[in-house]
Amino acid sequence: MQSLWQNRLSESCTRYRPWLLDRGSLTRRIRMRCAAFSVRHVQQQHGVAMPSERHMVALKHHSRALLRDVFLYCGETPLVFAHSVLPATSLHGTWQGLGRLGSKPLGAALFANPRVQRTPLQFKKLNRRDALYKRACTILPNPPASLWARRSVFYLEGRPILVTEVFLPDILKLHP
Ligand SMILES: C=C(O[C@@H]1C=C(C(=O)O)C=C[C@H]1O)C(=O)O
């Protein structure tokens, strides 16, 4: 049975709690704890978002979005798998340049603008049945049975961007 996205954290995530609950920039939080931070681009292409994502950004069934997958690294250690859904209609106005980020962190753009609003975080313990679990584990030699993830929607000028972050075990090596 696949678990659902929850609005509250269960108790079984104690060690990941500081990372899951911090509403500030994850890029900034990691940079404060690791001088060798980098974003490694996995893929960025237009496609159809997953059903559980489409309703978060009011995408109709066949509407296309820019789907961006990256890993956040400290040195050679992967810490986070980040999956973002940017509806084509959101890539206008202030956010028209987000389609050309490459290895620049999306967070730098989202948190640089004080007018950006963020919805409450949702949480999910991903397992091997989840597509995002499988994509996050592609670079883990010994993947754990489950991975904690969070997601929320960023809004600017009424334009939504869904950001999902999957925390990899080595993030626990950083100071919480
Ligand atoms: C939203 C942020 O941006 C981070 C960087 C991302 C990217 O470059 O694609 C995606 C999600 C985040 O982990 C953040 O720093 O909080």
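Residues numbered from 1 in each chain as written. Predicted model: local features only at pLDDT ≥ 70, side-chain atom pairs only at ≥ 80, totals over all residues. Heavy atoms only, no water.

As recorded in an unreviewed UniProt entry, the protein chain goes by Probable chorismate pyruvate-lyase and comes from Sulfuricella denitrificans. In the Subcellular location (unreviewed entry) part of its UniProt record, the protein chain is described as follows: "Cytoplasm". (UniProt positions renumbered as here; feature names shortened; annotations may be inferred.)

Colleague: Looking at this structure, I do not really get the overall build of the protein chain. What am I missing?
Modeller: Summing up its helical and strand segments, the protein chain has five helices and seven strands in all. If you list the helices and strands of the protein chain from N to C, you get α-α-β-α-β-β-α-β-β-α-β-β. Here the C-alpha radius of gyration of the protein chain, 15 Å, is about what a compact globule of 176 residues would show, namely 16 Å. The dimensions of the protein chain, computed from C-alpha atoms along their principal axes, are 40 × 40 × 30 Å. Residue burial in the protein chain is summarised as follows: out of 176 residues, 48% are buried. Across the protein chain, the fraction of contacts at a sequence separation of at least 24, relative to all contacts at a separation of at least 6, is 67%. Positive and negative side-chain charges of the protein chain, numbering 27 and 9 respectively, have mean locations separated by a distance of 3 Å. (Helix = DSSP H or I, 4+ residues; strand = E, 2+ residues; numbered from the N terminus. Rg over C-alpha atoms; globule rule 2.2 N^0.38 Å. Buried < 20%, exposed > 50% of the residue type's maximum accessible area, 1.4 Å probe, protein only. Contact = heavy atoms within 4.5 Å. Lys, Arg positive; Asp, Glu negative; His and termini not counted. Charge placed at Lys NZ, Arg CZ, Asp CG, Glu CD.)

Colleague: Just checking my understanding: could you explain the site of the ligand for this structure?
Modeller: In the neighbourhood of the ligand, 16 residues make up the surrounding shell, with Leu26, Thr27, Arg68, Leu106 and Gly107 lying closest. In this structure, Leu26 approaches the ligand through a main-chain N or O atom, which is 2.7 Å from an oxygen atom. Separating an oxygen atom of the ligand from a side-chain N or O atom of Thr27 is a distance of 2.6 Å. Protein coverage of the free-state accessible area of the ligand, which is 380 Å², stands at 100%. The cavity where the ligand resides is the largest cavity. Residue assignment for the shell around the ligand shows that the elements contributing at least two residues are α2 (26–31), β2 (65–74), α4 (106–112) and β7 (159–167). With four residues, the top contributor of residues to the shell around the ligand is α4. For the shell around the ligand, the residue count by class is 10 nonpolar, three polar and three charged. (Near = heavy atom within 4 Å. Polar contact = N/O pair within 3.5 Å; in protein donor to acceptor, adjacent residues only side chain to side chain. Areas by Shrake-Rupley, 256 points an atom, 1.4 Å probe, with all protein chains shown as cover. 1 Å grid on protein atoms, 1.4 Å probe; cavity = no way out; pocket = protein on both sides within 12 Å on 5 of 7 lines; lining within 4 Å. Sits in = over half its atoms within 2 Å of the grid points. Nonpolar A, V, L, I, M, F, W, Y, C, P; charged D, E, K, R; others polar.)

Colleague: Explanation requested: the UniProt feature "binding site: substrate" (unreviewed entry) in the protein chain in the structure shown.
Modeller: The sites that UniProt annotates as "binding site: substrate" (unreviewed entry) are Arg68, Leu106 and Glu165. The largest pairwise C-alpha distance within this set of annotated residues, which runs over 98 residues, is 12.0 Å, so the set is compact in three dimensions. From this annotated list, the subset lining the largest cavity comprises Arg68, Leu106 and Glu165. With respect to the helices and strands, the residue Arg68 is situated in strand β2. Arg68 gets classed as buried once you look at its relative accessible area, which sits at 3%. For Arg68, the residues in contact, after removing those within four places along its chain, are Val39, His41, Gln43, Gln44, Ala82, His83, Ser84, Leu86, Leu101, Gly102, Lys104 and Leu106. Within the secondary structure, Glu165 is located in strand β7. Excluding residues within four positions of it along the chain, Glu165 makes contact with Leu26, Val80, Phe81, Ala82, Arg118, Trp148, Ala149 and Arg150. Among the polar contacts made by the side chain of Glu165, one reaches the side chain of Arg150 at a distance of 2.6 Å.

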